[in-house]
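Remarks on the overall topology
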Amino acid sequence: MESKRPEKTSRWYFGGLASAGAAYCTHPLDLLKVLYQTDIRTNLSMVQLSREIIRDDGVTALYNGVTAAVLRQLTYSTTRFAIYEIGKQSEYGKDSGFLGRIMMAAIGGTVGGFVGSPADLINVRMQNDVKLPPEKRRNYKNALDGLVRVWREEGFRRLFAGASSATARSVFMTIGQLTFYDQAKYTLFETGHFTDNIGTHFLASVIAGGIATTMTQPIDVVKTVMMNAKPGEFSSIGAILRHISRLGPVGFFKGFVPRFIRLGPHTVLTFIFLEQLRINFGVLKAQ
């Protein structure tokens, strides 16, 4: 049994690299998810929305905002994975158990969500540009251009619009992905039928992706609407909640299917990339 356990540990920055690679691969799905959540039409399907985008702006429009998506992962995910991995590999983390790992994931998610909030804001705005009339588009050249323009045109504090909901989402996302991935992987190991290979990583990451999507969906809808709002459009978080609730309780789960279609592959790719980095470039465990 012991030989089936991983023999190497991840370096602190592997999570950010793996997440950035996964974000690039799944960006079109993320873009469709954001546009679907912010569209008030109730009879619109994901397929119809993708056809509209390709018809009006071409296939390359599906990669609008990809630089911001990658920057977000290099800030947000690098931070949350690093805190979680460092904590897990510490003397406290080795004996902390499942609840201890939840606490470490919550801390990592809190810090990561705040750090990644500016890039998340630009990501949502760049993705949403494709559904706006040409004269109303922000037309950020790339993520860095978006950050500079928001700072100049709207003030530094605007970069952290939606930071509270982004941070709350990040906490639950990190718990759902990292903690439950580790738990699922080691539970599979304990059965004696699984080893440290890509099949085990795939199955554990699918489980983690489903849990993370369910835990974070309502928060993600609030975050998306908040970050895409114009200055002064909503007076408070209560106004946003009332806006979303116009569709009833289902409004808070709008886009669940496209989001899982996006987050599922993203979670799978993130952990497959992460495990390959660990296996090939990780640090040997102390004997």
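Residues numbered from 1 in each chain as written. Predicted model: local features only at pLDDT ≥ 70, side-chain atom pairs only at ≥ 80, totals over all residues. Heavy atoms only, no water.

1. Some details on the overall build of the protein
Short version of the rule: Starting at the N terminus, helices and strands are each numbered in turn, a helix being any DSSP run of H or I of at least four residues and a strand any DSSP run of E of at least two. Only the C-alpha atoms count toward the radius of gyration. The rule for a globule is 2.2 Å times the residue count to the power 0.38. Three labels apply to residues, based on accessible area from a 1.4 Å probe with only protein chains included: buried if under 20% of the type maximum, exposed if over 50%, partly exposed otherwise in between. In this description, contact between two residues means that some pair of their heavy atoms is separated by no more than 4.5 Å. Using a 1.4 Å probe, accessible areas were evaluated by the Shrake-Rupley method; residue-level cover was limited to the displayed protein chains. Under the counting rule used here, the positive set is Lys and Arg, the negative set is Asp and Glu, and His together with the chain ends is not counted. Here the site of a charge means NZ on Lys, CZ on Arg, CG on Asp, or CD on Glu.
The helix and strand tally for the protein stands at eleven helices and two strands. When its helices and strands are written in sequence order, the protein yields β-α-α-α-α-α-α-α-α-α-α-α-β. What you see for the protein is a C-alpha radius of gyration of 19 Å, in line with the 19 Å of a compact globule of 287 residues. Here the protein, with 287 residues, has 52% of them falling under the buried criterion. Of the contacts made within the protein by residues no fewer than 6 positions apart, 80% connect residues no fewer than 24 positions apart. Summed over its atoms, the accessible surface of the protein is roughly 13400 Å², and 64% of this surface lies on carbon and sulfur atoms. Computed over 34 positive and 22 negative side-chain charges, the separation of the two mean positions in the protein equals 3 Å.

2. Side note on helix α9 (residues 198-228)
Along an α-helix, a turn takes 3.6 residues, which lines up residues three or four apart on a common side. Heads up, the condition is: Expected helix span is given by 1.5 Å per residue-to-residue step, counting one fewer step than there are residues. Working definition for bend: take the seven residues up to and ending at a residue and the seven starting at it, fit an axis to each, and measure the angle between the axes. Polar contacts, as used here, are pairs of N or O atoms within 3.5 Å; protein pairs need one atom able to donate a hydrogen and one able to accept it. Residues neighboring in sequence count only if both atoms are side-chain atoms.
With 31 residues, α9 extends just 38 Å between its outermost C-alpha atoms, more than 12% less than the 45 Å of an ideal straight helix rising 1.5 Å per residue. Along α9, the helix axis deviates most sharply at T216, where the bend reaches about 55°; the proline P218 sits within four residues downstream. A side-chain oxygen of the first residue of α9 lies 3.2 Å from the backbone nitrogen of G199; this N-cap is N197.

3. A look at the packing of aromatic side chains
Geometrically, a pair of aromatic rings is defined through the distance of the ring centres and the angle of the planes. This is how the line gets drawn: Stacked, tilted and edge-to-face pairs are distinguished by plane angle, under 30 degrees for stacked and over 60 for edge-to-face with tilted covering the rest, among Phe, Tyr and Trp rings (Trp via its six-membered ring) whose centres lie within 6.5 Å. For a ring to carry a charge above it, either NZ of a lysine or CZ of an arginine must fall within 6 Å of the ring centroid while also lying within 35 degrees of the normal to the ring plane.
Counted under the stated rule, the structure contains ten aromatic pairs. Both rings, one in W12 and one in Y13, keep their centres 5.4 Å apart while their planes meet at 85°; by these two values the pair is edge-to-face. Residue classification places W12 among the partly exposed residues on the basis of a relative accessible area of 48%. Its relative accessible area of 34% is what places Y13 among the partly exposed residues. One aromatic cluster is present, formed by F114, W151, F156 and F160 through successive ring pairs. In this structure, K185 is placed above the aromatic ring of Y186, and the distance from its NZ or CZ to the ring centre is 5.4 Å.

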